[in-house]
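Here are the chains, one letter per residue:
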Amino acid sequence: MRNLLRETRLHPHDFVLPVFVNDGIRDAVPIPSMPGVFNYPESMLGDVVRKTRDSGVQAVLLFGVTGNKDPVGGDTLREEGLMARMIRSAKEAAPELVVISDNCFCEYTDHGHCGVLKDGDVDNDATLENLGRQAVVAAKAGADLVAPSAMMDGQVGAMREELDDEGFPDVGIMSYSTKFASSFYGPFRDAVDSSFKGSRNSYQMDAANRREALDESLTDEEEGADVLMVKPALPYLDVIREIREATELPVAAYQVSGEYAMIQAASSTGALDAKAVALESLTSIKRAGADVIITYFALEAAAWISGGAKI
Ligand code: PBG
C-alpha cells in the first residue's frame, strides 16, 4: 500500500555526479572531509565516466583543479586547457553520457574569485566577456550543457549570444541561477584547492532573501537558460518549490559538499545512518520540486535504489 500510494520516487536518471579532475596528480586523492569523493588524475576520468554510465546515472558535472592559475583563469580559455581536455576525454569515454561543464573561473584564478578583479572586487562586465569565450571553448570540446556558476549579472545572456554566434545553438545552459553565498561550500573549496580567502557576498545571494532568489532564477530564464538551479539544496527547499511553481523550465538542485560532508561525518560517529539519511534528503529535494539533483551520492544512491532501497 505504501508503495502504491508513494508520491515521489527516486531514479538514477534524476542524478548528476560532480567529478573533480586535477592536472597535477597521478593517483586518485581522497578528499578528507568527503569520504568516497576523490580528486582524479586526467588519466582516470574515462574510467569514472564509464562507471557512472554503468550505474544508470547519465550525467556528469566536470570541475577542473589546475596548477595553471593566473589572474583571469586563462587556462579555461584555451582549447588545450584542462577544461577542454576533460570535456573531450569524458565525451570520448562515454559519448551517450550528458557532459556538463562547470563554467566559472574560481578554480583557475590565482586569487580564487569567480572572475576578473578590479580594485579588489570582481568586475562583472569584464568577466562576462570571458564567460562567453569560455562557453565556446567548452562547446567546441563537446559539452552538452554549460553551467555558469559565477553568479555574474548577465552571464546567461552573454553565454547564449556567444554560443549562438559561434554555431552552437544546441548547446544548452544549465544556470546556477539561484546560488546562495553559503558556508556549505567549505569542503568543495578544500577539494578544488582554492586559494580563496574572503567573501563572495557581492555576487552570491543572501540566504535570507526569498523574493530575490526567485527573481534571480526568472531573470536567467529570460536571458535564455534551459535549466535553472538552486544551490545548496536541503536548506533551501522552499526556494526550490517556489521556483518550480514559477517556471516551466526544468529545475535542478545541488546537494553541495557541506550537505554531503555532514551526513558522512554524522554517520562516521554512528549518530546517523548515511544511506537512510541520504535517501531521505534526496527524496525531500525531489518532493520540493527538483527535476534534477546534483549529488556526490549519485553512484551510491543509484545502487541503493536499484537494489530496492526505500526511505
Ligand atoms: C564555483 C562553485 C562552487 C561550488 C560549485 N561551483 C563553490 C563556490 O561558489 O565557492 C560548490 C559546490 C559544493 O560545495 O559542492 N565554481
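Note that the structure is predicted; figures quoted are calculated from it, not measured.

Calculation notes
- Residues numbered from 1 in each chain as written.
- Predicted model: local features only at pLDDT ≥ 70, side-chain atom pairs only at ≥ 80, totals over all residues.
- Heavy atoms only, no water.
- Helix = DSSP H or I, 4+ residues; strand = E, 2+ residues; numbered from the N terminus.
- Rg over C-alpha atoms; globule rule 2.2 N^0.38 Å.
- Buried < 20%, exposed > 50% of the residue type's maximum accessible area, 1.4 Å probe, protein only.
- Contact = heavy atoms within 4.5 Å.
- Areas by Shrake-Rupley, 256 points an atom, 1.4 Å probe, with all protein chains shown as cover.
- Salt bridge = Lys/Arg side-chain N within 4 Å of Asp/Glu carboxyl O.
- Axes fitted to C-alpha atoms, helices over the stretch in contact; angles between N-to-C directions.
- Parallel < 35°, antiparallel > 145°, perpendicular 65-115°, else oblique.
- Left-handed = near helix turned anticlockwise from the far one by under 90°.
- Nonpolar A, V, L, I, M, F, W, Y, C, P; charged D, E, K, R; others polar.
- Phe/Tyr/Trp six-rings, centres within 6.5 Å; stacked < 30°, edge-to-face > 60°.
- Lys NZ or Arg CZ within 6 Å of the ring centre and 35° of its normal.

Draft legend 1. Up close: the overall build of the protein. A count of helical and extended segments in the protein gives ten helices and 13 strands. Here the C-alpha atoms of the protein give a radius of gyration of 18 Å, agreeing with the 19 Å that 2.2 N^0.38 yields for 311 residues. Burial status across the protein gives 55% buried among its 311 residues. When contacts within the protein are restricted to residue pairs at least 6 apart in sequence, long-range pairs at least 24 apart make up 75% of them. On the protein, roughly 13,100 Å² of surface is accessible, and the fraction owed to carbon and sulfur atoms is 49%.

Draft legend 2. Molecular detail of the pattern of salt bridges. Under the defined criterion, the tally for this structure stands at 14 salt bridges. Its salt-bridge partner being E79, residue K140 comes within 3.6 Å of it at the nearest N-O pair. Placement of K140 in helix α3 (residues 124-141) and of E79 in the loop between β4 (59-65) and α2 (82-93) is noted, with a sequence separation of 61 residues between them. Taking the shortest distance from any N to any O, the salt bridge between R210 and E242 comes out at 2.7 Å.

Draft legend 3. Looking closely at the packing of α3 against helix α4 (residues 155-165). Their axes nearest at 8 Å, the elements α3 and α4 cross at an angle of 45°. On the basis of the axis angle, α3 is oblique to α4. The handedness of the crossing between α3 and α4 is right-handed. Between α3 and α4, the contacting residues are L128, L131, G132, R133, A135, V136 and A139 on the first element and Q155, A158, M159, E162 and L163 on the second. Looking at the contact of α3 with α4 residue by residue, the class counts come to eight nonpolar, two polar and two charged.

Draft legend 4. Up close: the packing of aromatic side chains. Within the structure shown, the criterion is met by eleven aromatic pairs. Centroid distance F20 to Y296: 6.1 Å. Interplanar angle 15°. Geometry classified as stacked. With F20 in strand β1 (residues 15-22) and Y296 in the loop between β13 (292-295) and α10 (298-306), this pair connects stretches of sequence that are 276 residues apart. Grouping aromatic residues by their ring pairs yields a cluster made of F20, F63, Y176, F188, Y254, Y260, Y296, F297 and W304. Positioned above the aromatic ring of Y185 is the side chain of K179, whose terminal nitrogen or guanidinium carbon lies 5.8 Å from the ring centre. In this arrangement the basic side chain of K231 is found over the ring face of Y185, its NZ or CZ atom lying 4.5 Å from the centre.

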